[in-house]
Amino acid sequence: MPLLLPILLILAGAATAAAQSVVGTVVEEGTLRPLPGVFVQLFDDDGDRQFAVLSDEAGRFSLRAAAPGRYRVRAELIGYAPSESEV
């Protein structure tokens, strides 16, 4: 099963954010082809989803962290193994 590879500012694993935007592009591992329609989610340290979007036609996404804290990003698309930033 192909893997998703979220890139560009994936919160460096679980970086601290203070009402900041997390932007990036989801690409297919191996080909680096941008993937549209990927469900990209932002989770806090407790595992609660804080924000979610679909990537656009070029695989781009933008998430907003509402408060300071540590977060992780998860990308999911049918037919691909999910990908999640390190905590």
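The model shown is predicted, which means the values in this text are computed figures rather than measured ones. (Residues numbered from 1 in each chain as written. Predicted model: local features only at pLDDT ≥ 70, side-chain atom pairs only at ≥ 80, totals over all residues. Heavy atoms only, no water.)

A.B. asks: Explanation requested: the environment of Asp46 in the structure shown.
C.D. replies: You can see Asp46 is positioned in the loop between strand S4 (39–44) and strand S5 (49–54). Sequence spacing of Asp46 and Arg70 is 24 residues, and the spatial spacing of their C-alpha atoms is 9.5 Å. (Helix = DSSP H or I, 4+ residues; strand = E, 2+ residues; numbered from the N terminus.)

A.B. asks: For this particular structure, what's the right way to read the pattern of salt bridges?
C.D. replies: It is possible for side chains of opposite charge to pair when their charged atoms get near one another. Applying the stated criterion across every chain yields a total of six salt bridges. In this structure, the salt-bridge partner of Arg72 is Glu84, at a minimum N-O distance of 2.5 Å. Here Glu84 lies in strand S8 (residues 83–84) and Arg72 lies in strand S7 (residues 69–76), a separation of 12 residues in the sequence. Overall, the relative accessible area of 17% leaves Arg72 in the buried class. Since its relative accessible area comes to 33%, Glu84 is described here as partly exposed. (Salt bridge = Lys/Arg side-chain N within 4 Å of Asp/Glu carboxyl O. Buried < 20%, exposed > 50% of the residue type's maximum accessible area, 1.4 Å probe, protein only.)

A.B. asks: Sorry if this is basic, but what is going on with the pairing of S7 here?
C.D. replies: If a strand is regular, its side chains alternate between the two faces of the sheet. Looking at chain direction, S4 and S7 are connected through six bridges and run antiparallel. Each bridged residue has a counterpart across the sheet, and for Val40 the counterpart in S7 is Ala75. Judged from the two bridges that link them, S7 and S8 form a sheet pairing that is antiparallel. By the bridge assignment for S8, Arg74 is matched with Glu84. The loop that links S7 with its antiparallel partner S8 comprises six residues; one of these, Gly79, has a positive phi angle of about 95°. (Pairing = 2+ DSSP bridges.)

A.B. asks: I'm lost on unusual backbone geometry in this one. Help?
C.D. replies: In terms of backbone geometry, most residues other than glycine have negative phi values and most peptide bonds are trans. Here the phi dihedral of Leu32 falls at roughly 60°; this positive angle occurs in a residue that is not glycine. Within the secondary structure, Leu32 is located in the loop between strand S3 (21–28) and S4. Classification of Leu32 as exposed rests on a relative accessible area of 53%.

A.B. asks: Help me out: how do you make sense of the nonpolar core in this one?
C.D. replies: One recurring pattern in soluble globular proteins is that nonpolar side chains are buried together. Core analysis: the largest hydrophobic core is formed by 14 residues, its most contacted members being Val38, Val40, Leu42, Phe61, Leu63 and Val73. Sorting the residues of this core by element identifies S3, S4, strand S6 (60–64) and S7 as the ones contributing at least two each. Of all the elements, S7 adds the most residues to this core, at three residues. (Core = buried A, V, L, I, M, F, W, Y, C linked by side-chain atoms within 4.5 Å.)

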